Amino acid sequence: MRIILYLGKGGVGKTSISSATAVSIARSGKRVLVISTDVAHSLADALGVELGTKPQEIEKNLFALEVNILAEIREHWEEFHAYFSTMLMQDGTSEIVADELTIMPGMEEMISLRHIWLAANSGNYDVIVVDAAPTGETMRLLAMPESYRWYTDKIASWHVRAMGVAAPLITKFMPKKNIFKLMPEVGEHMKELHGVLMDPEITSFRIVVNPENMVIKEALRAQTYLNLFGYKLDAVVINKVFDQKTKDPFFQCLIDRQQTYLTKINDCFYPLPIFSSKQFSEDMTGTDKLLDMAQAVFGKEDPSQIFYDDKHTHKVEKLNGKYKLHLYLPNIEIERVQMNLKGDELLIEVNNFRKNIILPNVLVGRKTESAKYHGGNLEVTFN
Ligand SMILES: Nc1ncnc2c1ncn2[C@@H]1O[C@H](COP(=O)(O)OP(=O)(O)OP(=O)(O)O)[C@@H](O)[C@H]1O
Ligand SMILES: [Mg+2]
């Protein structure tokens, strides 16, 4: 089984590329589920069908579902819901606000992850394609399996505190059942899913990017954090590339600007494979159009394959109080390396190759001490 997760900034084309990937895989004869973990759903619009919270077969071998977080909380997490709204109403919060607030940080992510886990465990699919929410939320989602223990501890401590202050009231409102008995089970699922998401033989992460400055910056940030969490990227998809010729000076200006950013994307994400899709003039919705899109991106290649199974592109380690950033840049002739730090960005120039890195928070504000290149690795020491 394979899991392919597309992420990137809002509006870059994650839903379109995810659905296109799924359609293409389904038409090649494999059973595929495309699932959206974004609360603002548009998978149904992209596929041109109505979708529910249960997997629905849209055409042969192609299944899709949209998770409805609020409904799900009401249905499966009612005990949590009752518990937390009671606690909030204690503090004077109105019932409606309490209802909204009980979607606690992490709750959406946990529910989305649970759906991925269910699909992965069902044995029903050869491939699961995840259409993720914009980068920030997805990073929280991906950090969740690891921060789960922190999360359950936090809830347990709230529980203890609340029981101390308002035990009589809470016990009156609360069902007799112990709501925390659910936690270890969810914890086990999280651990399993974490293993699956970390396994590069199963899961590949792909960043969708447009040739635009802010979008690239966010994509680089996503790359840094994926690497930090130990998740493996296997490709970058550049979407909405103009391939037209024009005599219009304004449009030509846009095309030229895209060219600059295309070079930047190629340099910055090296050595990852890079695919691209043109900006289509028509609406790319419905399975046939999506198949055209998949062909524009992947050509004759099978989108369910692992496109990159070499080393992680970044790694940060702490040694004797100093931080080392390892960047995997194979097959580069390095005679001279120049580095420039600006805020959370590190600009590296190697010959005529310029690479921007978004530094993880632990490295921001530190000074670079030295850089060494060996065995395809550029090793930058910070103090
Ligand atoms: N290559 C393309 N050519 C033309 N239109 C495109 C292309 N890619 C995406 N679109 C259109 O751009 C819009 C945004 O795409 P999409 O919904 O796939 O992005 P997204 O990254 O999922 O957005 P969000 O972050 O809001 O979920 C949609 O209307 C989609 O049909
Ligand atoms: Mg989307």
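Residues numbered from 1 in each chain as written. Chains lettered and ligands numbered in written order. Predicted model: local features only at pLDDT ≥ 70, side-chain atom pairs only at ≥ 80, totals over all residues.

Engineer: Explanation requested: the environment of His-194 in the structure shown.
Structural biologist: Note that His-194 resides in helix H8 (residues 182-198). Here His-194 falls in the buried class, since 20 other C-beta atoms lie within 10 Å of it. Expressed as a C-alpha distance, the spacing of His-194 and Leu-113, which sit 81 residues apart in the sequence, is 9.4 Å. (Helix = DSSP H or I, 4+ residues; strand = E, 2+ residues; numbered from the N terminus. Buried ≥ 20, exposed ≤ 12 C-beta atoms within 10 Å, placed from the backbone.)

Engineer: Teacher, can you tell me more about the pairing of strand S2 (residues 32-36) here?
Structural biologist: Along any regular strand, the residues point their side chains to alternate faces of the sheet. Most of S2 is tucked away, with five of its five residues classed as buried. Residues Val-32, Val-34 and Ser-36 line one face of S2 and the alternating positions Leu-33 and Ile-35 line the opposite face, and both faces are buried. Sheet topology places S2 next to strand S4 (residues 62-66); five bridges connect them, and they run parallel. Bridge pairing in S4 links Ile-35 to Leu-65. Bridging between S2 and strand S5 (residues 127-131) involves five bridges; their strand directions are parallel. Counted as the bridge partner of Ile-35 is Val-130 from S5. (Pairing = 2+ DSSP bridges.)

Engineer: What exactly am I supposed to notice about the site of ligand 1 here?
Structural biologist: Neighbouring ligand 1 are 17 residues; Gly-10, Gly-13, Lys-14, Thr-15 and Ser-16 lie closest to it. A per-element tally of the shell around ligand 1 places helix H1 (residues 14-27) first, with three residues. Its residues assigned to classes, the shell around ligand 1 comprises four nonpolar, nine polar and four charged. (Near = placed C-beta within 6 Å. Nonpolar A, V, L, I, M, F, W, Y, C, P; charged D, E, K, R; others polar.)

Engineer: Sorry if this is basic, but what is going on with unusual backbone geometry here?
Structural biologist: Trans peptide bonds make up the majority, and among non-glycine residues the majority have a negative phi. The amide bond that connects Tyr-270 to the next residue, Pro-271, takes the cis arrangement and shows omega of 10 degrees. For Pro-271, the location among the structural elements is in the loop between helix H10 (249-269) and strand S8 (274-278). Non-glycine residue Asn-61 carries a positive phi angle of around 70 degrees. Examined against the element boundaries, Asn-61 turns out to sit in the loop between strand S3 (56-59) and S4. By C-beta crowding, Asn-61 is classed as buried, having 20 other C-beta atoms within 10 Å. The phi dihedral of Asn-320 falls on the positive side, at around 45 degrees, and the residue is not glycine. Assignment of secondary structure puts Asn-320 in the loop between strand S9 (314-319) and strand S10 (322-328).

Engineer: Please clarify how the pairing of strand S15 (residues 377-382) should be interpreted in this entry.
Structural biologist: In S15, alternate side chains face the same way, and those of Leu-378, Val-380 and Phe-382 are buried while those of Asn-377, Glu-379 and Thr-381 on the opposite face are not. In this structure, S10 lies alongside S15, joined through six bridges in antiparallel fashion. Residue pairing in the sheet places Tyr-323 in a bridge with Phe-382 of S15. Sheet analysis places strand S14 (residues 368-374) next to S15, joined by six bridges and oriented antiparallel. Paired with Lys-372 across the two strands is Glu-379, which belongs to S15. The hairpin formed by S14 and S15 contains two residues between the paired strands, and Gly-375 there has a positive phi angle of roughly 55 degrees.

Engineer: Explain the sheet that holds strand S13 (residues 353-358) here, please?
Structural biologist: One key point about sheets: their strands pair by backbone hydrogen bonds, in either a parallel or an antiparallel sense. Spatially, three strands are ordered S11-S12-S13 in an open sheet, and the strand pairing comes out antiparallel. Because the sheet does not close on itself, it has two edges, and the strands there are strand S11 (337-342) and S13. Neighbouring strand axes in the sheet, compared pairwise and without regard to direction, differ in orientation by 20 degrees on average. As defined by bridge partners, S11 adjoins strand S12 (residues 345-350) across six bridges and the pair is classed as antiparallel. Its bridge partner being in S12, Asn-340 is matched across the sheet by Leu-347. (Axes fitted to C-alpha atoms, helices over the stretch in contact; angles between N-to-C directions.)

Engineer: Sorry if this is basic, but what is going on with the environment of Gln-252 here?
Structural biologist: Structurally, Gln-252 is set in helix H10. The class for Gln-252 is partly exposed, based on 14 C-beta atoms found within 10 Å. The spatial distance from the C-alpha of Gln-252 to the C-alpha of Phe-242 is 9.9 Å, given a sequence separation of 10 residues.

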